[in-house]
2 protein chains.
Amino acid sequence: MTGQGARSRSAGRPTLEEVAARAGVGRGTVSRVINGSPRVSDSTRAAVEAAVAELGYVPNTAARALAANRTDAIALVVPEPETRFFAEPYFSDMLRGVGSELADTEMQLLLIFAGSDRERQRLAQYLAAHRVEGVLLVSVHADDPLPDLLAALDIPAVISGPRSAEETLASVDSDNYGGARSAVEHLLSRGRRRIAHITGRLDVYGAQRRVDGYRDALEAAGVRELLLEQGDFTEEGGRRAMSALLSRHPDLDAVFAGSDVMAAGARQVLREAGLRIPADVALVGYDDSAIARHMEPPLTSVRQPIESMGRAMIGLLQAEIGGEWGAGGPGGGPTSGSVVAVGAGGHRHEVLRTELVVRESS
Amino acid sequence: MTGQGARSRSAGRPTLEEVAARAGVGRGTVSRVINGSPRVSDSTRAAVEAAVAELGYVPNTAARALAANRTDAIALVVPEPETRFFAEPYFSDMLRGVGSELADTEMQLLLIFAGSDRERQRLAQYLAAHRVEGVLLVSVHADDPLPDLLAALDIPAVISGPRSAEETLASVDSDNYGGARSAVEHLLSRGRRRIAHITGRLDVYGAQRRVDGYRDALEAAGVRELLLEQGDFTEEGGRRAMSALLSRHPDLDAVFAGSDVMAAGARQVLREAGLRIPADVALVGYDDSAIARHMEPPLTSVRQPIESMGRAMIGLLQAEIGGEWGAGGPGGGPTSGSVVAVGAGGHRHEVLRTELVVRESS
DNA sequence: AGGTAGCGTGGGAGCGCTCCCACTGCGATG
DNA sequence: CATCGCAGTGGGAGCGCTCCCACGCTACCT
C-alpha cells in the first residue's frame, strides 16, 4: 500500500528508533509525534512524519501496551447459548453499529464467547488480566455474575438491555415501554378493544417494560381488562400462549406479541382456529425482523434502532473509560432522539426511541 | 474467582518473577511451566503450578507478544457493506462455529470491519504490522485486493466462499453444486419437468456452482431445456427474474431460487399471477433461513452447515499457521462428511455437505 | 578412573515502546 | 546583566516476558 522506502538493515519492520534515526531526532520526539503530543515544533513534526511515511512505520502494539500498560482493546462478550439475542438480526446489526463507531478510534474489538463454563473461566482470566479497557455486554440474565465481577475488578462496562430499573452498569436500551405503548395505541386507533399481550420471559426487564407499556396504553384508553399470557420469546411459546388466550377469551380482536417469533407462533394458532388476520384478529409483533417482513400477511412490528444501540454502547463505554480514545473528539453526544439519564454510581443510561412499522397484519 | 493469596508488594498483578520467587525457582523455569515445555521435573512443575494458583498469576499478553514476536490473535474480517453474507443467519452461525472451535485455543478473535476505505486502510496497516497470526475472510468479491495483499505479506488466511475453482487461498465452502443438484433432483422426483432457476450474482463462484448443479441434474434426467434467469440475491431481483421467467415460460412448473430471499420475491410474483404453490408451481430456495421457515407455505430450502463451516475455517487456519495453537491437539481432522482437496500452493480446500430441507412449497 | 552426554535449571539480554527527568536555548523578568 | 521560566528535545530506565547460553549434576560410557 505505502512505499517501503529504504529499510537499512534489520529485516523486520521499522522501529521507533529507526524512524528517529532517519528523522534525525530522538526516540522521545518520535513518540510524541506518533501520539499527537502538542509539545513538538512544526518543523520537527513534519520531519518525523516524513520519516514515518518513508519507512512505512507502524507502531508495535504489543510494545506500546507493555510500556504504557494499556491495551487499546475492548471486548464484546457474547453469551453464546443464549439464542434470543444472538439471533438475527439483532447481533449483526448491533455489530454494525459498534463497528462504525469504532472506526474513529484506535480501539480494537475483541469477540469473547461466554457460553460454556470453560469459556466463562477464560473470560474471567481475561478480565483479571486486564487485557481489555472495557467490556460490552449483550443480553445478560438477571442472575449472571459477570456484571458483579466487572464491578469488582473495576472494569468499565456497558450493558445492552439493562437487567432492571436499578441497573448498576451503564446501559443502552431501546424504549420498550414506549414501543409497546405505541403498538397498543395503534391497535386502539384501529378500533380494537379486546387486545391481548403475549409477553416475553418476565425475568427479562425489557419484557416487563413492554407489559407496562401495554397496560398503560389500555388504561389511558379506559380499557379495563388486561388479557395477558406469558410466553418465552420462542415460537412454541407463542403458540401455547395464543391457544390459552383463545380459550379464555374467544372474543379477543387483537394480539400484541412481545416478539416477532412469538407472533409467528400466535399466527399459526389463529389460522388453525379459522381466524383471519387482520379481519378477525389484528396482530402486532416486536423486533421488526425478517420474519415480520415475510410473514403472511406482513406483520406490523416495533422496530428497535439496533445499529444505533451499538453505536450508543461505544459512546457510553468511551465515557466510562474516559481518556483520549485515539483520534475521535469528545466522543459525540447521545444519539439523536434518545434519552440519557444518570443513575447510581454516575453511570449513564441511554434509551433509544423505537418505531412502529405498520404492515397488513393490523 | 481464584483466591488472591498474599501479594507481597507491587500493588499490580503478579508477574512471572514473583511467581518464580514464590516457587523458589528461576524465571526461565516458570516460563517453561507456563508454556508446557516437557523439560521440567514433575516436582518443580508442581511447585510452580502451586505458586501460580496461589498468586492468581495470569501471563501478560503484551509482554509475551513483544518478547516472542507473536500475537496469539487471529482476525475475522467483516466486509461490512456487503449485505448478503453479513446477513442472516449466516454471520452469527459462522461466528458460533468459529467461537466453539476457538475455545480450545489460546487464540483471541479480533473483529475487523473492512467496509469503508478508511477501515480498509486501517486493515492494511494491521496486516502490515503483523498484528494477527492469521485471517479469516468471509465472502470476498472476485476483484477484492485483500487476498493478494495477504499473500504478499505472507499472512495465513482462510476464505469462506472461494472466489473461483482456482482459489489461491485455503478455503471452506459448502457444496453448492451438490446442494443445487439435490434441490433439482427433488423437484424432478416430484414429477416436475419445466424447472426454472433464478441464479445469484454470477460473479459469485457459489452462484455459478449452483447453476452447474442445476444444469447437470436436468441433463442427467434427460431434460433439455434450461430455464435460467439471473437474479442478484435480493428480493427485488427475485421478483424481476420471476416476472421475466413467467412471461417467457408461462408453463413452468417449478422454480429453484438461488437464495431464500429471492424465493420470497419469486413467491410474490407467482401469487400475483394467480399461481398456487406448490400445486401449480413448486418453489425451492437456498440457505434455509428464517424466511424459509416462516414463509407461506413454508419453503423447501437447501441448508448449508454454516456453523460447521466456521469450525472448518479455524481448522484450516490452524493448519496454515502451523505451530502449536495452545492446548488443542493436532487440530482435529476435517469435518465429518466434508471433502478436502489440496490445491495450488499446498493450501487445503474443504467442501461441506449441504442438506435439503423439504417443506410444503414443493 | 576420567570423560561425556544429556537433563533440569538460572539468569542475562533484549523485544519496541512510554514515561519522565535532565538538558539546552531563548525571551521575559528583576 | 544575571536570573528565571518554559518550550522543545534527547535518552535512560523499565514494562513482563521469551530466548538462549551456561552451569551443575547424575548416569553411563570407555
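Shown above is the structure to which this text applies.
Because the structure is a prediction, the values reported are computed rather than measured.

A. Just the pairing of strand β11 (residues 338–342) of chain A, in detail. Residue and element names in this part refer to chain A. Two elements, β11 and strand β12 (residues 348–352), share five bridges in a ladder whose sense is antiparallel. For S338, the partnering residue across the bridge sits in β12 and is L352. Linking β11 to β12, which pair antiparallel, is a turn of five residues; within it G345 sits at a positive phi near 75°.

B. Fine view of the pairing of strand β6 (residues 195–199) of chain A. Residue and element names in this part refer to chain A. Of all five residues in β6, five are buried, a share of seventy percent or more. Residues of β6 alternate between two faces, with I195, H197 and T199 on one and A196 and I198 on the opposite face, all of them buried. Judged from the four bridges that link them, β6 and strand β8 (residues 254–257) form a sheet pairing that is parallel. Within β8, the residue paired with I195 across the bridge is A254. Of the strand pairs in this sheet, β6 and strand β7 (residues 227–230) are connected by four bridges, and their pairing is parallel. Within the sheet, the bridge partner assigned to I198 lies in β7 and is E229. In terms of handedness, the path from β6 via helix α10 (residues 205–220) over to β7 forms a crossover that is right-handed.

C. View of the interface of chain B and chain A. Facing 47 residues of chain B, the contacting portion of chain A comprises 47 residues. Across the chain B/chain A interface, buried area totals approximately 4600 Å², and carbon plus sulfur atoms make up 56% of it. On the surface where chain B and chain A come into contact, there are six salt bridges. For B:R118, the salt bridge goes to A:D104, with nearest N and O atoms at 3.3 Å. Summed over the shared surface of chain B and chain A, the result is 16 residue pairs in polar contact (both at pLDDT 80 or more). Mapped onto the side of chain B that touches chain A, the elements with two or more residues apiece are α4 (61–68), α6 (90–102), β2 (108–113), α7 (117–128), α12 (260–272) and α13 (290–294) of chain B.

D. Layout of the protein's contact with DNA strand D. The environment of DNA strand D is made up of 27 residues, and the closest members are A:R27, A:T29, A:T44, B:L16 and B:Y57. In DNA strand D, atoms within 4 Å of the protein come from the sugar-phosphate backbone in 61% of cases. Interatomic distance of 3.2 Å between a side-chain N/O atom of A:R32 and a base nitrogen of DNA strand D. Contact distances for DNA strand D include 2.3 Å between a phosphate oxygen and a backbone N or O atom of B:L16. Among the secondary structure elements, those contributing two or more residues to the surface near DNA strand D are α2 (27–34) and α4 (61–68) of chain A together with α2 (27–34) and α4 of chain B. Sorting elements by how many residues they give to the surface near DNA strand D places α4(B) first, with five residues.

E. Representation of the sheet that holds strand β8 (residues 254–257) of chain B within the structure. Residues and elements named next belong to chain B. Pairing within the open sheet is mixed, and its six strands lie in the order β7-β6-β8-β9-β10-β13. For this open sheet the edge positions go to β7 (227–230) and β13 (355–357), each flanked by a neighbour on one side alone. The sheet shows a mean angle of 20° between the axes of neighbouring strands, taken without regard to direction. Taken together, the three bridges between strand β10 (residues 300–303) and β13 define a ladder with antiparallel strand orientation. Across the sheet, S301 pairs through a bridge with V357, a residue of β13. Packing of helix α9 (residues 176–189) onto the sheet brings it into contact with β6 (195–199), β8, β9 (282–286), β10 and β13, and relative to β9 it is tilted by some 165°. Relative to β6, helix α10 (residues 205–220) is tilted by about 170°, and along the sheet it contacts β6, β7, β8 and β9.

What counts, and where the lines are drawn
All residue numbers refer to positions counted from 1 along the written sequence of the respective chain. Naming scheme: in the order in which they are written, chains are lettered from A and ligands are numbered from 1. Only residues with pLDDT of 70 or above have their local features reported here, since the model is predicted, and side-chain atom pairs are shown and tallied only from 80 upward, although totals for entire chains, interfaces and linings are computed over all residues. Note: side-chain values were computed over all heavy atoms of the structure, leaving out hydrogens and water. Two strands qualify as a pair provided DSSP detects at least 2 bridges between them. Starting at the N terminus, helices and strands are each numbered in turn, a helix being any DSSP run of H or I of at least four residues and a strand any DSSP run of E of at least two. Working definition: with a 1.4 Å probe on protein chains only, accessible area under 20% of the residue-type maximum means buried, over 50% means exposed, and in between means partly exposed. By definition, the crossover connecting two strands over a helix is right-handed if that path, from the first strand to the second, turns clockwise as seen with the strands pointing away from the viewer. Any two residues whose heavy atoms approach within 4.5 Å are treated as being in contact. Accessible-area loss on putting two parts together, using a 1.4 Å probe and summing over both, is the definition of buried area adopted here. Salt bridge criterion: a side-chain nitrogen from Lys or Arg within 4 Å of a carboxyl oxygen from Asp or Glu. Any pair of N or O atoms that falls within 3.5 Å is considered a polar contact. Within protein, one atom must be able to donate a hydrogen and the other to accept it, and sequence-neighbouring residues count only if both atoms are side-chain atoms. For this purpose, a residue is taken to be near a molecule or strand whenever a single non-hydrogen atom of the residue falls within 4 Å of it. Each axis is a line fitted through C-alpha atoms, and for a helix only the stretch in contact is used; angles between axes span 0 to 180 degrees, taken between their N-to-C directions.

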